[in-house]
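Single-letter residue listing:
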Amino acid sequence: MAAPTAAEQRWLGAARDFFLRALPGPDGQEAAALEAVLRCLRSAGGGTLPLGYSFISISDLQHQQHIPCCSHLSWSTNEFKEWSRQGQGALPMQSTLPRTYLILVGYLADGRQENKEKLVDGCLYVKDKTGIILCELLHFKLEWLESLLVFPSWSYIPQRDQSAAGYLEILVDPVPVNGPKEVLHSIPVTSAVSAEPLLTSRIPYKKRSKLTVAGELTRLGPLLRIHHKTFFFLFLKCFASAVCVPVLVQKPSQMLWHRVFQLGHRYTVTGLSMSSMKKSGQTILVTSASSCLLPYCAEQEREQPLNSAWRGESTQSSCLETAEQLSCSLQLGAEEEKSGPTKESRIISYVGFVTKVLNAQAGLFLLDNQVCLCLAYQPLLSSARGLRPGACVELIDVHLLQKPLASFPFAVLGACLSSMVVLKSFSRLSTPYQPVGSSRSLCLQLLLRFNLGMPLYLWLVSLLETFEERFSCFFGRSRLLSSTHQNPGAAAKFLVPLLQAMVPDRQEARDIYNEILSKIHQCPLQKYLTLTPPCQAPSLSEVRRVAEQRSWEGFSPSQLLSPLEAQHMGTQELNRRLAWSYCTFSAESFQPQLILLGVLRVSSRSSSLQLQDKSSKLPCVISHKDGSPFAQTALIGSLLLVENYQLVVERFLKTDFPSWEHLENLEHVREKKTSVYVQFYLEDVRVLHAAEGRIQKSLRSGNCSSLRKSKDGSTASELETPEAKMLKSEDPRADDGRDENCQGGQSSSTSCVSQLFLVIQKESLMLRNYQLPAEEAKEAQELQRSFQATVLWLGRPRLWSHPREIGDLSELEETGCDGKEGVMQKEALLLFVGRSLRWFPFLHVEGLYRCIVPGCSDLEVFDKLYFPPVPSCLLCLPVQDSWHLEHETWISCLPEHQLTAMSMQTGVEQRAASIPEVLSSSFTGSLVSFCGEIVERTLCASPKNEKPPVMTGVPKKKGTPQHFTLLSTDHSVKLSISAASSSPVVLDVYITATYLQHLRGLLPGAKILFHNLERKISRFHNVYCTYIASSCVSIVSLPASHLPFPSGPAGEASSPSLVFLCNLRPQLSQARILCHLSCVLTVCLQWICSLCSCIFKEGRCTRHNPPCPSQTGVRQASARVLVEDGTGEAVVLCRNEHVAAVLGLSLLEWEAVQNCVQSRGSVCIQHGEAPGTGCLEESEDLVVCYLRSLCRSPLICRPILLDFSLDRKPSKILQPAPPQLRNFRCGEVEFVSRVGPRPSLLCLKVEEVGQDALRYLNSQRRSRTSSSC
Ligand SMILES: [Zn+2]
Ligand SMILES: [Zn+2]
């Protein structure tokens, strides 16, 4: 051998250093050990030392290597390239493991020496003096244990995060440095006497009879751990009898045997005793502490006679399927699928490459991109190390389940306890390792607890995946998923009730021994039913998307209008009627049923409640079933589940339809927008994760400090409070000026000051011009979105050493006895601007709240911030961003003694009026509060005299809600409010579009409490209300969920009640009379221009100055008729299609008449007019003649059933008519009667009355008249 070169010298020096540092030789024999290792390396390298490689210690590997890598001693570059190339077969896009030039030398250990307490679980480690690391081998020999080994070829997969420890994949068998040991000596033999034989207690007889069994390994069960004991079963086929013997291996030192066994090989196991299973009575062999595993050697063994228990049992393994065969059989199976609901899984064997880890926690892997491997039914104690994409696995006797879950795209290979999963080769790709779920993983826990079949398990996994994806950023993964029986986490609270509903009578628990040992195979994977998921809980962005899609599905503008009405509408009205519509969906509207999940948030930007997940936010409206408003501030930040809700999609359309005839031409739809929100009752909510205790605390102790902590990165991101996150995402400047809010550096203290108050009045959210003292200089001119509330301070501010302690309402007592003292009952105006706008949805009149100043000990904190308001003498207090409001109770919920003290003080008895009261002419007062149900919602042009509030010239601020921007600001909505759903009395409320932005839930069917509306009287003496700056609303109840899909604006109402003309009351909205049509006073048929409403004649608008470009005319008709019902007389105004009905024309006749008018522009006739007078047209005109004769015909005078509303507008004009004497004729007899002024009615519907119906109705009338008179 040549003298070592300088390079060799250096290398050898480094090797020596490494040995001293990392490898503990047997006392003082380090030099010999080094020599032995060098000998090994030389022989591997063909006589030369691997100078291009360097030694690496375990600890250096773990701390310096952060990406997966591999090392191959003595490989040429080409060899490595070829190896890499082959490894890419399964996943060509994936990069291969990068090569390092490292020499790994160490001992193999099973971990017992390192940690005596440790449960031996069959894991193998490589260790040196510096550390210890898990490793995986494809083959293992017992003699390698505790001997010094050189690892010629290996991959290192580093730890990715806390969940996955790094490990080694040993690609080529290690080389023992000191040559092979004596095989027999490597088996740890413990004294049979000292070790307490486990079985002796169970089998009192045959105590000392130890057996030796030899045979071919036909099956190897998985390592199992039950009650902190690890064990496995193996099955040996005896040569002589061809029966299969189950052997239970259970001693800790024997767990490594599991790695030694290879199917089809022959083994001898000594020191076995017989035992029988408690439950089934089946006989098995059990290893003792003295048992040895020996390779089979024919000369040495003498088979002992076996118990007849095993006779006749033989195993037949399924034949191996390749990927191609499997895809064939999958196709076949797909055709067979129709055969029946319950399917039997086929047992197959399969070899394939892992191409994707579908869900490591749930034990789901994709093989060959076509079939899913599920390991969940086979607990894997090795955590599936090595099952990285690119690895090859052999599956023996696994269940093939075709389409177990409708929404799962793959067929599934399910490994049960009698299946074998063998790693055939390690991955050569640089793919990370994800550990499979441990027994603590929630899905595996639930799998065991409910003994789930594959379909339910896959569904559970998909639900859990989405759940985790959506909410772990708020609460942290562990907090969300952690689950114990006593203290279930949010995910368990969500899933367990679903599973309980799905698996009502839980099948008996899995009998794992039976599953492994039974002659007839029994396991949960044998039979299955394709599951159609009963419900879904998709992300909020998906909910929004689906709802929007559904709302436009099959939508056509004509649905929103009744064709009879639409054909008479001018352009403006037509398009306005289309501009705003809505539809609602319930959970059942979706297939599968849709469950809403979200974190309750409140946005200061939109001042609305929201459900939020990672993907999106969904505004929400929450009510109580008892009608009280939602004020639970404590729920902010909680994770809610809602199964019963109404998902509302408001549709906004910008259209320019010239007339109804163009409705089918969707080119006229210029813009479509939607706004989606959800409304539900708090009683229908399940809180999966309560925020109280964490968020509340952090909020109270001042989120300034918590924010700062997370900013400098010292706090893990998952510790961030959702509130803090919301702040960040909402407004990047939220942190500005934080210090001022925290009252001068007291933020670190936990003390806080609170003040109890009662809300007396809450005003609407709008742009106001405040001049807050602090901001005088800069933004004095700018309008700010704000709201204000008049409150009554109750008691004095109180100091608390910790927010946790805030509790009792002793301020009230204080108030009660000290009531006269001025300080105690100060009224103040709270101003909410900026971030404090988030309290808008929570603050309600008659609510008792506590205002908390976190991190503050100054009892005069409130006094210092008051400032004199501009005009009034009320004290103003701007609510600071950091302050927290907490709802305590309602004034109505207080015990009587507190209540009386309070009402003495407040004095402001806020009583809601009833709708009839508001309508009555004797009502005084301009601000009214009342409660009622929305009957109808219509968009109308703002009355000209009511200018929209100061919106012009205000630059649109970023972040103002966009959903109403499609409604032009000169629009307003008219809400028709009735006292109860059946009540005919209706009050109209007008709300301009600017206020609508913050008012969700104003839908027909909803019951609303209006506060402080302005009561107005029109020039026709009609009472109506408008929503003004001081108004607010709260939703008392949501529309009934069975509300039909709103078809038209009117909806199908039940027929109105039958009345008499003599007792019409002015508040009446709709009614029906049975009457006689006395005569037709006027009829007017016109074609008018759809744009300018001038007469439209022969296809052109008649307006000339300036000329009108319109191409479209709209026909309109009106008629005035006189009716009487025996108790009175009325003038009825009929429009459009009602004219045809009242004239008794069929639709065809009516069509023809209207078409005749087209060339004339307009045709009018009047009752009693002489032929040829007073009419635009010549008397000879055919249409005029026809109409006139029609009106004069005695046939027109007939009984009709008339639905009407009071025509309020012209009432003033017709009013003065005094009671007069009139002639009536009944048959041959004439009567003279005194009659009141004729009421004026608006025709809503005309029905012909047949003779039978007439008789019936008359009898009804008679009975009612007699009973009422
Ligand atoms: Zn099975
Ligand atoms: Zn015109």
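Look up: the structure comes first, before these words.
Please read these numbers as outputs of a predicted model, since none were measured by experiment. By convention here, each chain's residues receive numbers from 1 onward along its written sequence. Chains carry letters and ligands carry numbers; both start at the beginning, A for chains and 1 for ligands, and go up in the order they are written. Owing to the predicted nature of the model, reporting of local features is limited to residues with pLDDT of at least 70; listing and counting of side-chain atom pairs is limited to 80 or more, with chain, interface and lining totals taken over all residues. Side-chain descriptors were evaluated using all non-hydrogen atoms of the structure, hydrogens and water having been removed beforehand.

Asks: Can you help me understand the coordination of the zinc ion (ligand 1) in this one?
Replies: Ideal coordination angles are 109.5 degrees for a metal with four donors arranged tetrahedrally and 90 or 180 degrees for a metal with six donors arranged octahedrally. At the metal site, the zinc ion (ligand 1) is ligated by H399 (NE2), C416 (SG), H521 (NE2) and C523 (SG), and these contacts range over 2.0 to 2.2 Å. In this analysis a donor is any N, O or S atom within 2.8 Å of a metal ion (3.2 Å for sodium, potassium and calcium), and since water is not included, sites may seem incomplete. Counting along the primary sequence, the residues that act as donors to the zinc ion (ligand 1) give the motif H-x16-C-x104-H-x1-C. Taken together, the residues C416 in the loop between β24 (411–414) and β25 (420–425) and H521 in the loop between α12 (512–517) and β26 (527–529) connect sequence positions 105 residues apart. Runs of E in the DSSP output that reach at least two residues are strands. Runs of H or I that reach at least four are helices, and both are numbered from the N terminus.

Asks: Can you walk me through the pattern of salt bridges in this structure?
Replies: Charged atoms that come close allow side chains of opposite charge to pair. We count a salt bridge whenever a side-chain nitrogen from Lys or Arg sits within 4 Å of a carboxyl oxygen from Asp or Glu. For the coordinates displayed, the defined rule picks out 26 salt bridges. Here E888 and R850 are joined by a salt bridge, their closest N and O atoms 2.9 Å apart. Here R850 lies in strand β41 (residues 847–854) and E888 lies in strand β43 (residues 884–890), a separation of 38 residues in the sequence. Look at E888 and you get partly exposed, because its relative accessible area is 25%. Burial classification: accessible surface area is computed with a 1.4 Å probe over protein chains only, and a residue below 20% of its type maximum counts as buried, one above 50% as exposed, and the rest as partly exposed. When its relative accessible area of 0% is taken as the criterion, R850 is described as buried. The salt bridge involving D988 is made with K974; its shortest N-O contact spans 4.0 Å. Pair noted here: D988 is in strand β46 (residues 986–992) and K974 is in strand β45 (residues 971–978), with a separation of 14 residues, a long-range link. Owing to a relative accessible area of 23%, K974 belongs among the partly exposed residues under this scheme. Each of R1072, D1203, K1245 and E1247 takes part in one network of salt bridges that share partners.

Asks: I'm lost on the state of the cysteines in this one. Help?
Replies: Every disulfide links exactly two cysteines, by a covalent bond between their sulfur atoms. We call a pair of cysteine sulfur atoms a disulfide whenever their separation is within 2.5 Å. Applying the stated criterion to the full structure yields 1 disulfide. Covalently, C1084 is tied to C1164 through a disulfide, its sulfur atoms 2.1 Å apart. Of this pair, C1084 sits in strand β50 (residues 1071–1089) while C1164 sits in strand β55 (residues 1162–1166), placing them 80 residues apart in sequence. The thiol of C123 is not disulfide-bonded; the next cysteine sulfur, from C135, is found 9.3 Å away. For C135, a relative accessible area of 0% puts it in the buried group.

Asks: Would you mind showing me how to read the packing of helix α9 (residues 454–475) against helix α11 (residues 490–502) here?
Replies: When two helices pack together, their arrangement is given by the angle between the helix axes and the distance between those axes. Angular values range over 0 to 180 degrees, each being the angle between N-to-C directions of two axes fitted as lines to C-alpha atoms, with helices fitted over their stretch in contact. Running from N to C, α9 and α11 point in directions that differ by 155 degrees, and their axes come no closer than 11 Å. Relative to α11, α9 is oriented roughly antiparallel. Along this stretch, α9 crosses α11, giving a crossing that reads as right-handed. The segment α9 lies against α11, with L456, W459, L460, L463, L464 and F467 engaging A490, A491, F494, L495, L498, L499 and M502. Tallied by class, the residues present in the contact of α9 with α11 amount to 13 nonpolar, no polar and no charged. Here is the rule for angles: anything less than 35 degrees is roughly parallel, anything more than 145 is roughly antiparallel, 65 through 115 is roughly perpendicular, and the remaining ranges are oblique. Two helices crossing with the near one rotated counterclockwise from the far one by less than a right angle form a left-handed crossing, whereas a clockwise rotation gives a right-handed crossing. A contact between two residues is defined here by any heavy atoms of the two lying within 4.5 Å. Throughout this entry, Asp, Glu, Lys and Arg are counted as charged residues, while Ala, Val, Leu, Ile, Met, Phe, Trp, Tyr, Cys and Pro are counted as nonpolar. The remaining residues, Gly among them, count as polar.

Asks: For this particular structure, what's the right way to read the coordination of the zinc ion (ligand 2)?
Replies: The coordination sphere of the zinc ion (ligand 2), as far as protein atoms go, consists of C1089 (SG), C1092 (SG), C1101 (SG) and C1108 (SG), spread over 2.2 to 2.3 Å. Labels for metal geometry use angle windows, namely 85 to 135 degrees for all angles of a four-donor tetrahedral site, and for square planar (four donors) or octahedral (six donors) sites opposite donors over 155 degrees apart plus all others within 65 to 115; sites meeting none of these are irregular. Around the zinc ion (ligand 2), the 4 donor atoms sit at angles spanning 100 to 119 degrees, and that spread fits a shape best called tetrahedral. Of note, the donors binding the zinc ion (ligand 2) are all from one chain and are spaced C-x2-C-x8-C-x6-C. In this pair, C1089 sits in strand β50 while C1101 sits in strand β52 (residues 1100–1101), placing the two residues 12 residues apart along the sequence. Its relative accessible area of 0% is what places C1089 among the buried residues.

Asks: Hey, could you run me through empty space enclosed by the protein in this one?
Replies: Once rolled over the atoms, a probe with the size of a water molecule shows which space is left empty. In the cavity and pocket records, a cavity denotes points on a 1 Å grid over the protein atoms alone where a 1.4 Å probe fits but cannot get out, a pocket denotes an open set with protein on both sides within 12 Å along at least 5 of 7 lines, and lining residues are residues with an atom within 4 Å of a point. Grid points are joined across faces, edges and corners, and a volume is the space filled by probe spheres set on the points. Enumeration over the complete set of coordinates arrives at 10 cavities of 30 Å³ or more. Space inside the largest cavity adds up to approximately 400 Å³. Looking at the largest cavity, it is lined by 22 residues, and the ones nearest its centre are V621, P841, H998, R1000 and I1035. Classifying every residue of the lining of the largest cavity by side-chain character gives 12 nonpolar, 8 polar and 2 charged.

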